[in-house]
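The residues making up each chain are set out below.
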Amino acid sequence: MFTKILIANRGEIASRIIRTCKRLNIKAVAVYSEADQTAPYVQLADESYLIGKPRVNESYLNIEKILRVAKESGAEAIHPGYGLLSENAEFARQTEAAGLTFIGPDADVISKMGDKIAARAEMKKAGVPIIPGTEDAVASTDDAKQLAADFGYPVMLKAAAGGGGIGMQAVYNDEELEKAFEGNSKRAQAFFGDGKMFIEKLIEDPRHIEIQVLADSHGHAVHLFERECSIQRRHQKVVEEAPSPVLTDETRQKMGESALQAVRTLGYTNAGTIEFLVDDDENFYFLEMNTRLQVEHPVTEQITGIDLVEQQLKVAAGEKLSIEQNDLVIDGHAIEVRIYAEDSNTFYPSPGQLTKLTLPEGPGVRHELAVEGNSQVTPFYDPMIAKLVVHGEDRQDAIDRLIKAVHEYEIEGIKSNLTMLKRVITHEKFKQGETKTTFIQDYYLPTLTNQ
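All figures in this text were calculated on a predicted structure; none of them were measured in a lab.

A. The arrangement of the nonpolar core in detail. If you look at the biggest cluster of nonpolar residues, it comprises 58 residues, and the most contacted ones within it are Ile-5, Leu-6, Tyr-41, Ile-66, Ile-78, Phe-91 and Leu-214. Non-local contacts of Ile-78, meaning those with residues more than four positions away in its chain, are made with Leu-6, Ala-8, Ile-66, Leu-67, Ala-70, Phe-91, Thr-95, Leu-100, Thr-101, Phe-102 and Ile-103. Counting residues in hydrophobic clusters, the runner-up holds 37 residues, among them Leu-357, Ala-370, Ile-385 and Tyr-444.

Below you can see the structure in the form of structure tokens.
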């Protein structure tokens, strides 16, 4: 096992990783920008190093600086967290070239799964169901129109690279496609350096359900069941829960087996997530693979009792997984909500001085914090304040605990999305498990127009 690792990330995920390191007696090295010098994770780490100015390209995306700190601090490995450099294949390659261990999959696998066209081809080869769509990048608007006619509208226009919903748009006719194609291609080029686009048949009103996997370098892999992540805003997840409120045991088993088949075909190692779209008949289709730890990983930890960060560290250190698939069982129900510094009506970020932060406590309540009370939420990064996770004996118990906890949460000094979360989790459709990807559009946005 490692004796010291560097965490190439910030905020709540850096603190989360540091906690596991401390439990395992591994020294944790943090890096921070000028904007984060008083952040909680900086104080929590055993060692902390300033790496640049607030903008990410001058700090958290500066591979050269991060690797230099890792070497000078005596770290043996780098954990990339999520976001930032976590799915950057070049960072993984340079980390290994520097004689350090990258805590994640092989760089070639990251690269392959980061290209949605290549990922589709790999999943097809693995026998994983894929949505009907293009095998190659679409060269022009005219080609896109022809393909859309072949598949039949509506279709989903997607950027081949990147994620987070950037470059992705549902289109319903030629006119919309013509407007969307060039604009989304330009956005993808600006964000990811790759403007290639492809087209899939649109699965209307689906659920977004993902399977968590773990695999070691000795050929052993397991899945840790599913997470339902259907409640989203602009393709960004808002509420996540495990297990899904609707999957049958048969479908759960089939999805788990498909995810493991993908892992074996890829030769994948470490933690990863296979994301699927699921229709009303429980047909499921590959969406994408995240080659990293997910934001919502705590709900899986709560229902399995498995520390995913610990497993990541052990696998990266060359150890065999000690977990057998037959030993894994679902214990209760867990739900996570993401608490952001943003206006609940406009969804605009609301950075500024946080003057009060009161956290709810009680059985089954877990917090992952990016900030503390009387601290600054900077305008330079994702405006997440915290993640609130609850665990209950069953879904109703978890919902009851979540509603109580969210109503006890207090944030002052800045706007937050607590108002939105309260409306979502108390809505009858949520309580009934009707958590499709159109939930916000169908049930929350109309409440804004009726105010």
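We are not done yet, so read on.
B. Spotlight on helix H4 (residues 89-97). Among the residues making up H4, those that are buried are Ala-89, Phe-91, Ala-92 and Thr-95. Buried residues of H4 fall within an arc of 160° about the axis and therefore sit on the same side. Where H4 is buried, its residues contact helix H3 (63-73), strand E4 (77-79), strand E5 (101-102) and helix H5 (107-114). At the N-terminal boundary of H4, the capping side chain belongs to Asn-88, with an oxygen 3.0 Å from the backbone nitrogen of Glu-90. At the C-terminal side of H4, Gly-99 shows a positive phi close to 85°.

C. Up close: the packing of helix H12 (residues 395-408) against helix H13 (residues 418-426). Viewed as axis vectors pointing N to C, H12 and H13 meet at an angle of 155°, and their least axial separation amounts to 10 Å. The orientation of H12 relative to H13 falls into the category roughly antiparallel. Like other packed secondary-structure pairs, H12 and H13 cross with a definite hand, here left-handed. Where H12 approaches H13, its residues Ile-399, Leu-402, Ile-403, Val-406 and His-407 are matched on the opposing element by Leu-418, Lys-422, Ile-425 and Thr-426.

D. Quick peek at the packing of aromatic side chains. Within the structure shown, the criterion is met by 7 aromatic pairs. Ring plane angle 45° and centroid distance 6.1 Å describe the contact between Phe-191 and Phe-192, whose orientation is recorded as tilted. Using a relative accessible area of 29% as the deciding quantity, one classes Phe-192 as partly exposed. Look at Phe-347 and Tyr-444: their rings are 6.2 Å apart centre to centre, the planes differ by 35°, and that puts the pair in the tilted class. Of this pair, Phe-347 sits in the loop between strand E14 (333-340) and strand E15 (352-354) while Tyr-444 is found in helix H15 (residues 439-449), placing the two residues 97 residues apart along the sequence. Here Phe-347 and Tyr-444 have matching classes, each one buried. Taken together, Tyr-60, Phe-380 and Tyr-381 form an aromatic cluster joined through their ring pairs.

E. Fine view of helix H10 (residues 297-304). Burial analysis of H10 places 7 of its 8 residues in the buried class, which makes it a mostly covered element. Looking at H10, one finds that the buried residues are His-297, Pro-298, Val-299, Thr-300, Glu-301, Ile-303 and Thr-304. Once H10 finishes, Gly-305 follows within two positions and takes phi at roughly 75°, a positive value.

F. Structural view of the sheet that holds strand E2 (residues 27-33). Within the open sheet, the 5 strands sit side by side as E3-E2-E1-E4-E5. Their pairing is parallel. Edge positions in the sheet fall to strand E3 (47-52) and E5, since each has one partner strand and no second. For strand E1 (residues 4-7) and E4, the ladder comprises 3 bridges, and the chain directions are parallel. What sits directly across from Leu-6, in E4, is Ile-78.

G. Examining the pattern of salt bridges more closely. Counted according to the given criterion, the structure contains 43 salt bridges. Put simply, Lys-387 and Glu-12 hold a salt bridge, and the shortest N to O gap is 3.2 Å. Taken as a pair, Lys-387 in strand E19 (residues 384-392) and Glu-12 in helix H1 (residues 11-23) lie far apart in primary sequence, 375 residues in all. A residue is classified by how much of its surface remains accessible, and Glu-12, at 2% relative accessible area, is buried. Ionic pairing is found between Asp-307 and Arg-23, a salt bridge with its closest N-O pair at 2.8 Å. One end of the pair, Asp-307, is in the loop between H10 and helix H11 (308-316); the other, Arg-23, is in helix H1, with 284 residues separating them in the sequence. Taken together, the shared-partner salt bridges in this structure form one network comprising Arg-16, Arg-19, Arg-23, Glu-301, Asp-307, Glu-310, Lys-314, Arg-366 and Glu-368.

Rules behind the numbers
Residues numbered from 1 in each chain as written. Predicted model: local features only at pLDDT ≥ 70, side-chain atom pairs only at ≥ 80, totals over all residues. Heavy atoms only, no water. Core = buried A, V, L, I, M, F, W, Y, C linked by side-chain atoms within 4.5 Å. Buried < 20%, exposed > 50% of the residue type's maximum accessible area, 1.4 Å probe, protein only. Contact = heavy atoms within 4.5 Å. Helix = DSSP H or I, 4+ residues; strand = E, 2+ residues; numbered from the N terminus. Arc of directions from axis to C-beta. Polar contact = N/O pair within 3.5 Å; in protein donor to acceptor, adjacent residues only side chain to side chain. Axes fitted to C-alpha atoms, helices over the stretch in contact; angles between N-to-C directions. Parallel < 35°, antiparallel > 145°, perpendicular 65-115°, else oblique. Left-handed = near helix turned anticlockwise from the far one by under 90°. Phe/Tyr/Trp six-rings, centres within 6.5 Å; stacked < 30°, edge-to-face > 60°. Pairing = 2+ DSSP bridges. Salt bridge = Lys/Arg side-chain N within 4 Å of Asp/Glu carboxyl O.

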